[in-house]
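This is what each chain is made of:
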Amino acid sequence: MTQSGTKEAFERVQAAFRGHQTLQLIYLGLELGLLESLRSQPATPDALAAALSLHPPYVRVWCEVGTAFGVLAVDDAGRYRLAAGMDTVLLDADHPRFVGAFVRGFMTFLADDFARYPDAFKHGHIHAFHQHGEAFSAWVSNVTHPMQRLVAGKILPDQFGSGLQAGIDVLDIGCGAGQFVFKLAALYPNSRFTGVDADPHGIELAQRAAAINGMGDRTRFIHTGGETMPFENAFDLAVMFEVLHELPVEVRPAVMRAAYRALRLGGALFILDETWADDPRQLVEPAYHMSVLVQFSELLWGNVVYTQDQQTRLLTEAGFVDLQRGDLGGTFTLITARK
Ligand SMILES: C[S@@+](CC[C@H](N)C(=O)[O-])C[C@H]1O[C@@H](n2cnc3c(N)ncnc32)[C@H](O)[C@@H]1O
């Protein structure tokens, strides 16, 4: 007789193994070009191996396991192709549901981070975002790119489109490699953009990109933490894209006060972030899937995802009024507030 719950627990862990191996399989498929090749042309394992100069028996197992995991599908002639939708979520870097870049970093940067967890749990130290290096900062901007496209192309225009069209001053706090600024600058040629970030790698990437893409006249990037921004009454809109939960907790009030000072009267603050549950039992709900993923993978960076109450208190104590909350895809939090 099985002890109550044992079967369910066993199945849950088995499913986790399959999930972990699915990510390993996708990672291999991205790194070796297997997924890209099958997107353009279904193939037998031997033909796929020959096209990519890979070892045929390994490619055969990759194809068969990929089918078992629902990443691939096979026809009666033994030709493999991507399962429905996989081309979009794994290879279409512009699509809002693209997670290919996330899988890549999850299996590399975040796996390296995870190796430090046992020690960090014992000693409480952090390995901050900016300590990861330039390749990491560039990777983060690939992960945020599809969501940024959606927000720059749809969410922000709905709220601030007329101002952006007419020409306003926009501040991106925690701009990273500057990709959100560039997207907005391309869409709104009459507006001017400033990005600040505590990460020198992100700012260098942004400055280099601005020199190449010719947007240097309407964009500028400054290496400074949000808490030390020197601006006063200089901006109409400030944005924080996946930044709030990344700010060291001790500087959060100072960053929000500096953001408030930086805005003109009536100016708006727009935040996209995750929100933690008031009661940890709520974390099983789909609305918190992203928050859980982010909080656990970014624990080592010192990141803390705030609850709704903590977010509200932080903004109101800095002076912001007229807070409005929404969500994106049922899992990202959107907050707008006014000075
Ligand atoms: C997840 S990244 C998002 C970057 C960018 N907004 C994007 O969407 O790609 C979070 C950013 O917050 C920045 N950050 C952390 N602490 C900061 C601070 N005190 N002031 C300004 N930026 C900070 C990090 O350096 C990092 O670039």
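Residues numbered from 1 in each chain as written. Predicted model: local features only at pLDDT ≥ 70, side-chain atom pairs only at ≥ 80, totals over all residues. Heavy atoms only, no water.

Asker: How would you sum up the domain arrangement of the protein chain? Please name residues and give values.
Answerer: By a widely used convention, the size of an interface equals the accessible area lost when the partners come together. Segmenting the protein chain into domains produces domain 1 (6–88) and domain 2 (126–338). On a C-alpha basis, the centres of domain 1 and domain 2 stand 36 Å from each other. (Domains from an automatic or database assignment.)

Asker: Now, about the packing of aromatic side chains: what can you tell me, with residues and values included?
Answerer: The tally for this structure, following the rule as stated, stands at 16 aromatic pairs. Ring plane angle 15 degrees and centroid distance 6.4 Å describe the contact between F102 and W139, whose orientation is recorded as stacked. Note that F102 is positioned in helix α6 (residues 100–107) and W139 in helix α9 (residues 134–166), a separation of 37 residues in sequence. For F102, a relative accessible area of 22% puts it in the partly exposed group. Taken together, a centroid distance of 5.2 Å and an interplanar angle of 85 degrees make the contact between F136 and W301 edge-to-face. Placement of F136 in helix α9 and of W301 in the loop between α13 (289–297) and α14 (308–317) is noted, with a sequence separation of 165 residues between them. (Phe/Tyr/Trp six-rings, centres within 6.5 Å; stacked < 30°, edge-to-face > 60°. Helix = DSSP H or I, 4+ residues; strand = E, 2+ residues; numbered from the N terminus. Buried < 20%, exposed > 50% of the residue type's maximum accessible area, 1.4 Å probe, protein only.)

Asker: Would you mind going over α6 in detail, with residue names and values included?
Answerer: All buried positions along α6 are accounted for by G100, A101, V103, G105 and M107. Among the structural elements, α1 (6–31), α5 (86–91), α7 (109–115) and α9 are those in contact with the buried residues of α6. (Contact = heavy atoms within 4.5 Å.)

Asker: Let's hear about the pairing of strand β5 (residues 219–223): which residues, and what values?
Answerer: Note: strand β4 (residues 192–197) against β5, five bridges, orientation parallel. Bridge assignment links D197 to a residue of β5, and that residue is H223. Crossover handedness for the path β4 to helix α11 (residues 200–213) to β5: right-handed. (Pairing = 2+ DSSP bridges. Right-handed = clockwise from strand over helix to strand, strands pointing away.)

Asker: Report on the environment of H223, specifying residues and quantitative values.
Answerer: Within the secondary structure, H223 is located in strand β5. Sequence spacing of H223 and D278 is 55 residues, and the spatial spacing of their C-alpha atoms is 35 Å. What H223 contacts, discounting residues up to four positions off in sequence, is D197, A198, D199, P200 and I203. Among the polar contacts listed, one links the side chain of H223 to the backbone oxygen of A198, at a separation of 3.0 Å. (Polar contact = N/O pair within 3.5 Å; in protein donor to acceptor, adjacent residues only side chain to side chain.)

Asker: Pulling in residues and values, what's your account of the sheet that holds strand β9 (residues 332–338)?
Answerer: What the seven strands build is an open sheet, ordered β5-β4-β3-β6-β7-β9-β8; its pairing is mixed. The two strands at the open ends of the sheet, each matched to only one other strand, are β5 and β8 (321–328). Neighbour to neighbour, the strand axes of the sheet diverge by 15 degrees on average, direction disregarded. Looking at chain direction, strand β3 (residues 169–173) and β4 are connected through five bridges and run parallel. For L171, the partnering residue across the bridge sits in β4 and is T194. (Axes fitted to C-alpha atoms, helices over the stretch in contact; angles between N-to-C directions.)

Asker: Please provide a residue-by-residue account of the nonpolar core, values included.
Answerer: Grouped together as the largest cluster of nonpolar side chains are 32 residues, with contacts concentrated most on V151, F270 and L272. Broken down by secondary-structure element, the contributors of at least two residues to this core are α9, α10 (179–187), α11, β6 (235–241), β7 (263–273) and β9. No other element matches α9, which puts seven residues into this core. When neighbours within four sequence positions are excluded, V151 is seen to be in contact with L156, P157, F180, F241, F270, L272 and L328. Counting residues in each nonpolar core, the second largest holds 27 residues, with M240, V255, A259 and I271 among its members. (Core = buried A, V, L, I, M, F, W, Y, C linked by side-chain atoms within 4.5 Å.)

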